[in-house]
Amino acid sequence: MKTARMIGSFMIGMMVFSNSIYSQQDTTKGKVEFIVKADVLMPFYMLTYSDFYLPRFKGNNMESLTFETCFANRHSIQITDFIFNEGGHNYLNQIIPEYKYFLNKYNPFNGFYCGATLKYLYAKSTNDGGPPYETEIDYGIGEGVIIGYQRTCFKHLVIDFLIGVGEDQILHVYRNFYSPYPDNNPFPDGRLALNIGYKF
């Protein structure tokens, strides 16, 4: 429930921020555009993962949804909600806000871009081989940089290919069945997405 409320708060914040930009924009800098996208690589990731965990395939779920606000011809802010659920035993939720700067100044919000990203991570794992049935919970914050290419086709169809690198868990708290303790040991992190969406 806490994660759901957090996701809702993020989405409301993005909508308020988007409306603020829209109300204050200069008409000489172009209009604000809104895009909703889904990562079409998720089913392939799921199939690859299930090859190693076939007994739990039916209970597995992996989803990614992105909301993007584009403004001032070359800038955008997007937030991605990634969820992975392995049969109720392991649960992972990542909330990823990103800033994108488009290099092409003649075709707004199209072409190559670069940017920066943050990531909030919540993971819960249950040891189902017990007893005892121990539960481990991770909270973490990561950071990184992104590059990619985005193209709008047929006025509304958006294709966005994104690659990112960074550090995962620059701030990390690990809580097992007994007690919590900090574990701030960053390690390399990568991000690969092929988003297809609709521009409003």
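Everything in this summary refers to the structure shown in the same document. Keep in mind that what you see is a predicted model, and the values were worked out from it rather than measured.

Let's shift gears to the nonpolar core. The nonpolar side chains of a soluble globular protein tend to be buried with one another. Grouped together as the largest cluster of nonpolar side chains are eight residues: Ile-35, Cys-70, Phe-102, Phe-109, Tyr-113, Ile-146, Val-158 and Leu-162. Apart from residues no more than four positions distant in its own chain, Tyr-113 is found in contact with Lys-100, Tyr-101, Phe-102, Leu-103, Ile-146, Ile-147, Gly-148, Tyr-149, Gln-150, Asp-160, Phe-161 and Leu-162.

Throughout the structure, instances matching the rule amount to seven aromatic pairs. Measuring from centroid to centroid gives 6.3 Å for Phe-34 and Phe-67, while their planes differ by 20 degrees, and the two rings are stacked. With a gap of 33 residues between them, Phe-34 in strand β1 (residues 33-39) and Phe-67 in strand β2 (residues 60-71) connect regions that are remote in the sequence. Among the residues examined, Phe-34 registers a relative accessible area of 22% and is labelled partly exposed. Aromatic side chains Phe-112 and Tyr-149 sit 4.8 Å apart centroid to centroid with 65 degrees between the ring planes, which places their arrangement in the edge-to-face category. Here Phe-112 is found in strand β5 (residues 111-126), whereas its partner Tyr-149 is found in strand β6 (residues 135-153), with 37 residues between them in sequence. The aromatic ring of Tyr-113 is capped on one face by Lys-100, whose charged end is 4.3 Å from the ring centroid.

The subject of this paragraph is the pattern of salt bridges. This model, assessed by the stated rule, comprises seven salt bridges. Here Asp-160 makes a salt bridge to Lys-100, at a shortest N to O gap of 3.3 Å. You can see Asp-160 sitting in strand β7 (residues 157-175) and its partner Lys-100 sitting in strand β4 (residues 90-102), a full 60 residues away along the chain. Note on Asp-160: relative accessible area 0%, which makes it buried. Ionic pairing is found between Asp-189 and Lys-119, a salt bridge with its closest N-O pair at 2.7 Å. Within this pair, whereas Asp-189 is found in strand β9 (residues 187-199), its partner Lys-119 is found in strand β5, the two being separated by 70 residues in sequence. Connected through shared salt-bridge partners, Lys-37, Glu-68, Lys-100 and Asp-160 make up one network.

Time to look at the side chain of Lys-199. Assignment of secondary structure puts Lys-199 in strand β9. Look past the residues within four positions of Lys-199 in its chain and what remains in contact with it is Glu-33, Phe-34, Ile-35, Thr-152, Lys-155, His-156 and Val-158.

Turning our attention to the environment of Ile-35. Looking at where Ile-35 falls in the secondary structure, it is placed in strand β1. Ile-35 sits 162 residues away from Gly-197 along the chain, and the two C-alpha atoms are 6.6 Å apart. Among all residues touching Ile-35, those that are not within four sequence positions of it are Thr-66, Phe-67, Glu-68, Cys-70, Gln-150, Val-158, Tyr-198 and Lys-199.

What counts, and at which threshold
- Going along each chain's sequence as written, the residues are numbered from 1 onward.
- In view of the model being predicted, local features appear only for residues whose pLDDT reaches at least 70, and side-chain atom pairs are presented and counted only at 80 or more, with totals across whole chains, interfaces and linings using the full set of residues.
- Only heavy atoms go into the side-chain values, all of them from the structure, while hydrogens and water stay out.
- Take the buried Ala, Val, Leu, Ile, Met, Phe, Trp, Tyr and Cys residues and link them wherever side-chain atoms come within 4.5 Å; each set so joined is a nonpolar core.
- For every residue, the accessible area (1.4 Å probe, protein chains only) is compared with the maximum for its type, and the residue is labelled buried under 20%, exposed over 50%, or partly exposed between those bounds.
- By definition in these notes, contact holds between two residues if any of their heavy atoms fall within 4.5 Å.
- A pair of Phe, Tyr and Trp rings is counted when the ring centres sit within 6.5 Å of each other, with Trp represented by its six-membered ring. The angle between the planes then sorts it: under 30 degrees is stacked, over 60 is edge-to-face, the rest tilted.
- Runs of H or I in DSSP of at least four residues are treated as helices and runs of E of at least two as strands, each being numbered from the N terminus.
- By definition, being over a ring means that NZ of Lys or CZ of Arg is both within 6 Å of the ring centre and within 35 degrees of the ring normal.
- The term salt bridge refers to a side-chain nitrogen of Lys or Arg lying within 4 Å of a carboxyl oxygen of Asp or Glu.

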